[in-house]
Amino acid sequence: MLDDIQKDADARMRKTLDATRDEMGRIRTGRATTALLDHLTVDYYGAPTPLNQVATVAVADARTLTVQPWEKDMLAVIEKAVQESDLGVNPVVAGAVMRIPLPPMTQERRLELGRLVKREGENGKVAVRNIRRDAIHTVRELLKEKEISQDQQKRAEEALQTLTDRHIAAIDAVVADKAREVAEI
């Protein structure tokens, strides 16, 4: 029973860590990466569809992305989606290919992105702590119902704290890597 609670908390914390990594991947650094466009959706015949399901997204060079739609009609829709996104880029359409040049980042933008990285990391850590709180609450309910002893409760809470510390350290490492990447010129 306690193992199930701990396994569930571990699985949920791993998902939180993965979600934090995904959020960090969406934050633009000085280099072009296809992850910048992963969150974009386009209107594909009336249905919102992820960009990578209607076009090929590739890195042309260190500061340029290319988007080649599988249907030529989608080029205008994709261009509109990129322009309306929060990336702050202006796509250039050349024939059947769209090029997205990424401007060099200013120091002000780097500082802003650094704050965003820390905020996203803190959101991840808060989510992990909430998972710990829920798991400890469940353990305490078991103690209240006299299904476990106080010793078992104490060991379970210590194990959950160790698990929490491990996942928070992993989030801190992800945040530190991304902050270093953002600050890089």
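Please refer to the structure placed before this passage.
So, here's what we can say about the structure. (Residues numbered from 1 in each chain as written. Predicted model: local features only at pLDDT ≥ 70, side-chain atom pairs only at ≥ 80, totals over all residues. Heavy atoms only, no water.)

## A word on the overall build of the protein chain
Alright, step 1. Helix and strand content of the protein chain: 4 helices and 6 strands.
Alright, step 2. Scanning the protein chain from its N terminus toward the C terminus, one meets helices and strands in the order α-β-β-β-β-α-β-β-α-α.
Alright, step 3. Over its C-alpha atoms, taken along the principal directions, the protein chain stretches across nearly 70 × 40 × 20 Å.
Alright, step 4. Out of the 185 residues belonging to the protein chain, those deemed buried represent 37%.
Alright, step 5. In the protein chain, once contacts between residues fewer than 6 apart in sequence are set aside, the share between residues at least 24 apart is 65%.
Alright, step 6. In the form shown here, the protein chain has an accessible surface area of approximately 10,900 Å², with 50% of it arising from carbon and sulfur atoms. (Helix = DSSP H or I, 4+ residues; strand = E, 2+ residues; numbered from the N terminus. Buried < 20%, exposed > 50% of the residue type's maximum accessible area, 1.4 Å probe, protein only. Contact = heavy atoms within 4.5 Å. Areas by Shrake-Rupley, 256 points an atom, 1.4 Å probe, with all protein chains shown as cover.)

## Considering the environment of Met98
Alright, step 1. With respect to the helices and strands, Met98 occurs in strand E6 (residues 97–101).
Alright, step 2. Taking the relative accessible area as the measure of exposure, Met98 reaches 0% and is therefore buried.
Alright, step 3. The residues touching Met98, leaving out its near neighbours within four places in the chain, are Leu65, Thr66, Val67, Leu75, Ile78, Glu79, Val82, Pro91, Val92 and Val93.

## So, the sheet that holds strand E4 (residues 64–69)
What holds strands together in a sheet is hydrogen bonding between their backbones, with the strands either parallel or antiparallel.
Alright, step 1. Strand order in this open sheet of 4 strands is E3-E4-E6-E5, and the pairing throughout is antiparallel. Because the sheet does not close on itself, it has two edges, and the strands there are strand E3 (55–61) and strand E5 (92–94). For this sheet the average axis-to-axis angle between neighbouring strands, irrespective of direction, equals 25°.
Alright, step 2. As paired elements, E4 and E6 share 4 bridges and run antiparallel to each other. (Pairing = 2+ DSSP bridges. Axes fitted to C-alpha atoms, helices over the stretch in contact; angles between N-to-C directions.)

## Brief notes about the side chain of Arg110
Alright, step 1. Summarising the element assignment, Arg110 is placed in helix H3 (residues 107–144).
Alright, step 2. Looking at Arg110, its side chain comes within polar contact range of the main-chain oxygen of Val182, at 2.8 Å. (Polar contact = N/O pair within 3.5 Å; in protein donor to acceptor, adjacent residues only side chain to side chain.)

## Considering the nonpolar core
Alright, step 1. Core analysis: the largest hydrophobic core is formed by 25 residues, its most contacted members being Leu2 and Val139.
Alright, step 2. Contributing elements (two or more residues each) for this core: helix H1 (2–26), H3 and helix H4 (150–183).
Alright, step 3. Leave out the neighbours within four places in its chain, and Val139 touches Leu2, Ile5, Ile148, Gln153, Ala156 and Leu160. (Core = buried A, V, L, I, M, F, W, Y, C linked by side-chain atoms within 4.5 Å.)

## Quick notes on the packing of aromatic side chains
Alright, step 1. All chains considered together, the criterion is met by 1 aromatic pair.
Alright, step 2. On the numbers, 4.8 Å between centres and 70° between planes, the contact of Tyr44 with Tyr45 is edge-to-face.
Alright, step 3. When its relative accessible area of 27% is taken as the criterion, Tyr44 is described as partly exposed.
Alright, step 4. Its relative accessible area of 62% is what places Tyr45 among the exposed residues. (Phe/Tyr/Trp six-rings, centres within 6.5 Å; stacked < 30°, edge-to-face > 60°.)

## A word on the pairing of E6
Alright, step 1. Along E6, the buried face is formed by Met98 and Ile100; none of Val97, Arg99 and Pro101, which line the opposite face, is buried.
Alright, step 2. Examined bridge by bridge, E5 and E6 share 3 bridges and lie antiparallel to one another. In the strand pairing of E6, Val93 is matched with Met98.
Alright, step 3. Taking the residues between adjacent antiparallel strands as the criterion, E5 and E6 are bridged by 2 residues, where Gly95 takes a positive phi near 70°.

So far we have only geometry, and geometry alone does not tell us how the molecule works.
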